Amino acid sequence: AWMVCTQLRRESEQACDDEVLGIGVGGPDYAAHLLELARRCRLPGSTWASAMPMAHPSTLERRIAAMLNPRLDRQAPSRRAMAALVGLLLLVTLPAASLRARQAAPAPLTGTVYDATGGVLPGVQVALVDANQSRWAVTTNTRGRFELPTVGPGKYVLEVTLVGFRTLREEFELRGARDWTRAVTLQVGELTETIAVSASRLTAPQQAPPGTGAVTPIRVGGSVRVPRLEVRVAPVYPAAMREAGLTGVVPVQAIIGQDGTVSSVRVLSAQVHPDFAMAAVDAVRQWRFTPTLLNRRPVEVMMTVTVRFDLED
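Residues numbered from 1 in each chain as written. Predicted model: local features only at pLDDT ≥ 70, side-chain atom pairs only at ≥ 80, totals over all residues. Heavy atoms only, no water.

1. Focus: the packing of aromatic side chains
Throughout the structure, instances matching the rule amount to 5 aromatic pairs. Pairwise contacts between aromatic rings join Tyr237, Phe276 and Phe309 into one cluster. Of note, arginine 182 hangs over the ring of phenylalanine 172, and the distance from its end group to the ring centre comes to 4.1 Å. (Phe/Tyr/Trp six-rings, centres within 6.5 Å; stacked < 30°, edge-to-face > 60°. Lys NZ or Arg CZ within 6 Å of the ring centre and 35° of its normal.)

Next comes the structure, spelled out in structure tokens:
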């Protein structure tokens, strides 16, 4: 392709020169004009950047030699030559197009499902849905391979599900032959936890201590070891919110790093009072877990925490 593009640029320059000479401009005059342009382009600080390719020594020498050659045929190609060229192009492109059409024929959709460490995942539920909502489903074998029935070109949705991993839903289009072979990588699923933080109203005679919720680990399968919460800091009910008699629910998303520490925390809703949000984030940020292991290697995992602030009468 690079060779063809280079030759096309040369031919376009030659065609331009032939047009100039064809309207009566003398070859020596035209050559002198091009030499002057090349000299200006090569001056330090020249702003004639668009003309730099023509100022290359080999390119300029070839063009000048051609325009000073009186025996060179500068006539446009005849109709017969153009027809022969079109026939040659058709002879090359039609077999390529037919080969592409044969490659895009219906075929079984196959692939392999991996985890984030590159290990294969057996027992994965793989489903394919077409534009008419027709559905085909299979399960990966012991080598993580799957093979769905023969399907033709078009747009599809691939759904891949395994307990302990995030469900993957991918939209794609089958066109070329390579599209019928897929490689799928699943990520470790999310942890979920709900915390209830309660306090007595100021009118009550006694104040109830903040409550703590139980960790609800995700169900995992195969080679995933769920992180275990080792250090838990309970959120504190904000005094200003308690005095105002306000309650709230704070959904929080946290990233547990490879060492088990919480590397980042963010609030998932904008409809949360800042005092409640800061109390929830400050507590979750101090939690510590055992590392999450995927095939005996520590990996990051996402955790969703719901903190409920309630007042008791």
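2. Regarding the side chain of arginine 182
Looking at the secondary structure, you find arginine 182 in strand β7 (residues 181-185). With a relative accessible area of 16%, arginine 182 lands in the buried category. Here the side chain of arginine 182 touches aspartate 179 through a polar contact of 3.3 Å, landing on its backbone oxygen. With residues near it in sequence (within four places) discarded, arginine 182 still touches Leu109, Thr110, Gly111, Thr112, Phe146, Glu170 and Phe172. (Helix = DSSP H or I, 4+ residues; strand = E, 2+ residues; numbered from the N terminus. Buried < 20%, exposed > 50% of the residue type's maximum accessible area, 1.4 Å probe, protein only. Polar contact = N/O pair within 3.5 Å; in protein donor to acceptor, adjacent residues only side chain to side chain. Contact = heavy atoms within 4.5 Å.)

3. Some remarks on the environment of arginine 39
By secondary structure assignment, the location of arginine 39 is in helix α2 (residues 27-41). At 2.5 Å, the side chain of arginine 39 forms a polar contact with the side chain of glutamate 36.

4. Section: the confidence of the model for the chain
Predicted confidence across the chain gives a mean pLDDT of 80, with 85% of residues reaching 70 or more. For residues 204-222, every residue scores under 50 in pLDDT, and the model assigns this stretch 45 contacts once sequence neighbours within four places are set aside. (pLDDT = per-residue confidence, 0-100.)

5. Re the sheet that holds β7
Strand order in this open sheet of 3 strands is β4-β1-β7, and the pairing throughout is mixed. One side of each edge strand has no neighbouring strand; the edge strands of this open sheet are β4 (145-151) and β7. Neighbouring strand axes in the sheet, compared pairwise and without regard to direction, differ in orientation by 25° on average. Alignment of strand β1 (residues 107-114) against β7, held across 5 bridges, turns out to be parallel. Within the sheet, the bridge partner assigned to threonine 112 lies in β7 and is alanine 183. (Pairing = 2+ DSSP bridges. Axes fitted to C-alpha atoms, helices over the stretch in contact; angles between N-to-C directions.)

6. So, α2
Taking 1.5 Å per residue, 15 residues should reach 21 Å; α2 reaches 21 Å between its end C-alpha atoms and fits that length. Of all the positions in α2, only Gly27, Tyr30, Ala31, Leu34, Leu37, Ala38 and Cys41 are classed as buried. Seen end-on, α2 carries its buried residues on one side only, within an arc spanning 120°. In α2, the exposed residues that point more than 90 degrees away from the buried face are Pro28 and Asp29. (Expected span 1.5 Å × (residues − 1). Arc of directions from axis to C-beta.)

7. A look at the sheet that holds strand β2 (residues 125-130)
In space, the 4 strands of this open sheet follow the order β3-β2-β5-β6, with antiparallel pairing throughout. Each edge of the open sheet carries a strand with a single partner, namely β3 (135-139) and β6 (168-174). Across the sheet, the mean angle separating the axes of adjacent strands is 20° when strand polarity is ignored. As defined by bridge partners, strand β5 (residues 154-161) adjoins β6 across 7 bridges and the pair is classed as antiparallel. Across the sheet, glutamate 159 pairs through a bridge with arginine 169, a residue of β6.

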